Amino acid sequence: MQKKNFPELPKQLWTEHSLDLTTHQYHGKLLDQEQGFELGKAQRKITPRSELATLSERPKGVDALTIYHWSNEGRVDLLKPVRAKRMSVSPFAYFRGMPSLMLYDLAWEKSHSGLMQQVCGDCHLLNFGGFASPERNLLFGINDFDETLVAPFE
């Protein structure tokens, strides 16, 4: 079988303006709600919402198989066929095993807010639960992070 020549992986989503908010901290300090709003408004001045309105398209030649190939980079070679077999069971199993498919569509966007969050590719009711915030508020959010990636919140 002839091996497909895959295009290069796109450049990183992280830019000099990106902020990692996965820990809800900024410069080592926990953000309260007001500080989070201020940080978001400051980022909006760097990337206005009007810049986020136009969606880009994947380049020609980049399909789901290409993205699957990229998502296998760095994985143990012996386990790659196991992953492929498990993903081939159903469309649900395929999309559950490929959260990168959604992320890579963002890789060609001309701009994003730079506010990086943990995003979920396995979002169903059983993967949510109740939590307490630092302000002692009850929050409802995701509790299963095995199919997640850090990506722009958009």
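Scroll up for the structure.
Computed from a prediction, not measured in an experiment: that's the story for all the values here. (Residues numbered from 1 in each chain as written. Predicted model: local features only at pLDDT ≥ 70, side-chain atom pairs only at ≥ 80, totals over all residues. Heavy atoms only, no water.)

S.K.: Even after reading the chapter, I still don't get the overall build of the protein, so can you show me in this structure?
M.R.: Per the secondary structure count, the protein includes five helices and seven strands. Reading the helices (α) and strands (β) of the protein from amino to carboxyl end gives β-β-β-α-α-α-α-α-β-β-β-β. Buried positions account for 31% of the 154 residues belonging to the protein. Approximately 11,300 Å² of the protein is accessible, and the part contributed by carbon and sulfur atoms is 58%. (Helix = DSSP H or I, 4+ residues; strand = E, 2+ residues; numbered from the N terminus. Buried < 20%, exposed > 50% of the residue type's maximum accessible area, 1.4 Å probe, protein only. Areas by Shrake-Rupley, 256 points an atom, 1.4 Å probe, with all protein chains shown as cover.)

S.K.: I tried to follow a positive patch on the surface on my own but got confused; where do I start?
M.R.: On the surface, Lys 41, Arg 44, Lys 45 and Arg 49 cluster together into a positively charged patch. Among the structural elements, Lys 45 can be located in helix 1 (residues 33–46). (Patch = residues over 30% accessible without salt bridge, like charges linked within 9 Å, V, L, I, M, F, W, Y side chains within 5 Å. Salt bridge = Lys/Arg side-chain N within 4 Å of Asp/Glu carboxyl O. Lys, Arg positive; Asp, Glu negative; His and termini not counted. Charge placed at Lys NZ, Arg CZ, Asp CG, Glu CD.)

S.K.: Honestly, the sheet that holds strand 1 (residues 19–20) in this entry has me stumped. Any pointers?
M.R.: Sheet strands pair via backbone hydrogen bonds, and the direction of the pair is either parallel or antiparallel. On the basis of which strands lie adjacent, the open sheet formed by three strands has the order 1-4-7 and mixed pairing. Pairing within the sheet leaves two strands with one partner each, and these edge strands are strand 1 and strand 7 (148–152). As paired strands, strand 1 and strand 4 (residues 115–120) are joined by two bridges and run parallel to one another. Each bridged residue has a counterpart across the sheet, and for Asp 20 the counterpart in strand 4 is Met 116. (Pairing = 2+ DSSP bridges.)

S.K.: Teacher, can you tell me more about the packing of aromatic side chains here?
M.R.: Each pair of aromatic rings is reported with the distance of its centres and the angle of its planes. Under the counting rule described, the total for this entry stands at two aromatic pairs. Relative to Phe 140, the ring of Phe 128 lies with its centre 5.5 Å away and its plane at 15°, an arrangement referred to as stacked. On the criterion of sequence distance, the pair formed by Phe 128 in strand 5 (residues 128–132) and Phe 140 in strand 6 (residues 138–142) is long-range, its members being twelve residues apart. With a relative accessible area of 26%, Phe 128 lands in the partly exposed category. (Phe/Tyr/Trp six-rings, centres within 6.5 Å; stacked < 30°, edge-to-face > 60°.)

S.K.: Help me understand the pairing of strand 5 in this model?
M.R.: Here is the key point about a regular strand: its side chains alternate between the two faces of the sheet. Bridge count for strand 5 against strand 6 is five bridges, and the pairing is antiparallel. From the neighbouring strand, Ala 132 faces strand 6, where its bridge partner is Leu 138. Counting the residues that bridge the hairpin from strand 5 to strand 6 gives five residues, and of these Arg 136 lies at a positive phi of roughly 70°.

S.K.: Please explain a negative patch on the surface as it appears in this structure.
M.R.: A cluster of acidic residues, Asp 32, Glu 34, Glu 38 and Glu 135, forms a negative patch on the protein surface. Here Asp 32 shows up in the loop between strand 3 (29–30) and helix 1. Since its relative accessible area comes to 36%, Asp 32 is described here as partly exposed.

S.K.: Please explain the side chain of Thr 47 as it appears in this structure.
M.R.: In this fold, Thr 47 is placed in the loop between helix 1 and helix 2 (64–71). For Thr 47, the side chain forms a polar contact with the main-chain oxygen of His 112, separated by 3.5 Å. Thr 47 has contacts with Leu 52, Ser 111, His 112 and Ser 113, leaving out every residue within four places of it along the chain. (Polar contact = N/O pair within 3.5 Å; in protein donor to acceptor, adjacent residues only side chain to side chain. Contact = heavy atoms within 4.5 Å.)

S.K.: Explanation requested: the nonpolar core in the structure shown.
M.R.: Nonpolar side chains in soluble globular proteins tend to end up buried together. With ten residues, the main nonpolar core is built from Val 62, Ile 67, Tyr 68, Trp 70, Met 87, Met 98, Leu 101, Tyr 104, Ala 107 and Trp 108. The set of elements that each furnish at least two residues to this core consists of helix 2 and helix 5 (99–107). Other than its neighbours up to four places away in sequence, Leu 101 contacts Arg 58, Ala 64, Ile 67, Tyr 94 and Phe 95. (Core = buried A, V, L, I, M, F, W, Y, C linked by side-chain atoms within 4.5 Å.)

S.K.: Can you help me understand the pairing of strand 4 in this one?
M.R.: Two elements, strand 4 and strand 7, share five bridges in a ladder whose sense is antiparallel. Each residue of the ladder has a partner; that of Gln 117, found in strand 7, is Ala 151.

S.K.: Could you clarify how one ought to interpret the packing of helix 2 against helix 5 in this entry?
M.R.: To describe two helices that pack against each other, one gives the angle between their axes and the distance between the axes. Where helix 2 contacts helix 5, the two axes come as close as 10 Å, and the packing angle between them is 105°. One finds that helix 2 runs roughly perpendicular with respect to helix 5. Every residue of helix 5 that contacts helix 2 at Ala 64, Ile 67, Trp 70 and Ser 71 is listed here: Ser 100, Leu 101 and Tyr 104. Class assignment of the residues belonging to the contact of helix 2 with helix 5 gives a composition of five nonpolar, two polar and no charged. (Axes fitted to C-alpha atoms, helices over the stretch in contact; angles between N-to-C directions. Parallel < 35°, antiparallel > 145°, perpendicular 65-115°, else oblique. Nonpolar A, V, L, I, M, F, W, Y, C, P; charged D, E, K, R; others polar.)

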